[in-house]
Amino acid sequence: MADPTVLRDDLDLPVRLGPRPPRRVVSLVPSLTEAVAATAPGLLVGATDWCSHPADLAVARIGGTKNPDVPGIIALAPDLVLANDEENRRPDLNALRAAGLPVWVTDIRTLDGAFRSLDRLLTAACALPRPGWLDQAEAAWAPVRRPPDGPRAIVPVWRRPWMVLGRDTFAGDLLRRLGLHLVHAGHAERYPAVPLPELLACRPELVVLPDEPYHFTAQDGPEAFPGVPAALVSGRHLTWYGPSLVTAPTVLARALEHPFVRGSNGTS
């Protein structure tokens, strides 16, 4: 029998894989679920309740990204579990490892890092051919390197309390490439909680409101920033690293180029 293969994930942690390529994969990250499903649909046997793409994904649902059903995952007997250091809790991942399951953790903070991480996950960890959509995504983003001298922007990702994109985030890297100057890019925290009066005091020239993780809408979010142009953007195209990256430059640019102004009293 062939010896097991030991690889290292994005955190440089050893991942002991079986002697044959993985045939049963559980994904705890919606974007990674879509990436694997688009590359090898039959590989996935489990995914979170938040894994909404592809729409016809028919696999066992194993809870949320922050509260996965660990016994349920173990019962699926996967050859590999896919996770992300930001989205998943380390105690849950440690429990899966303690049960003998190999866990591959991604750590993605830039677009270039996403391309490298996806290539390693798919070709090395999952032993799949490099997918065409990954080449298409790299080609789509290659010319998108505008100087970040556009409008001063704040990017809320949560409300009650208000939280915004800070330093060292994947979504922030995409928006910088699209020319935005992110007000909180130099903040000590990656997702700082900033009270609304402080956000308004920054005198932003644009507020970018994604529809996830908080579901901002035209009726929920823009009214807090009276007189400030608001761009409602697809959270999937802003925060997911996977096949959505193929169309993300066009989708995001279109939304950023057509903000609207809502002149009403701010609320908290």
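Structure first, text after, so check above.
Residues numbered from 1 in each chain as written. Predicted model: local features only at pLDDT ≥ 70, side-chain atom pairs only at ≥ 80, totals over all residues. Heavy atoms only, no water.

*Asks:* Hey, could you go over the sheet that holds strand β13 (residues 229-233) for me, with residue numbers and the actual values?
*Replies:* With mixed pairing, 5 strands are arranged side by side in an open sheet as β11-β8-β12-β13-β14. Whereas interior strands pair on both sides, the edge strands pair on one side only; in this sheet they are β11 (181-182) and β14 (260-261). Taken together, the 2 bridges between strand β8 (residues 152-154) and β11 define a ladder with parallel strand orientation. Within β11, the position partnered with Arg152 by the bridge is His181. (Pairing = 2+ DSSP bridges. Helix = DSSP H or I, 4+ residues; strand = E, 2+ residues; numbered from the N terminus.)

*Asks:* Can you lay out the packing of helix α4 (residues 111-125) against helix α6 (residues 170-177) for me, pointing to particular residues and giving the numbers?
*Replies:* With their axes 8 Å apart at the nearest point, α4 and α6 run at an angle of 125 degrees to one another. What the angle tells us is that α4 and α6 run oblique. Contacts from Leu111, Asp112 and Ala114 in α4 reach Phe170, Asp173, Leu174 and Arg177 in α6. Here the residues of the contact of α4 with α6 are counted per class, giving 4 nonpolar, no polar and 3 charged. (Axes fitted to C-alpha atoms, helices over the stretch in contact; angles between N-to-C directions. Parallel < 35°, antiparallel > 145°, perpendicular 65-115°, else oblique. Contact = heavy atoms within 4.5 Å. Nonpolar A, V, L, I, M, F, W, Y, C, P; charged D, E, K, R; others polar.)

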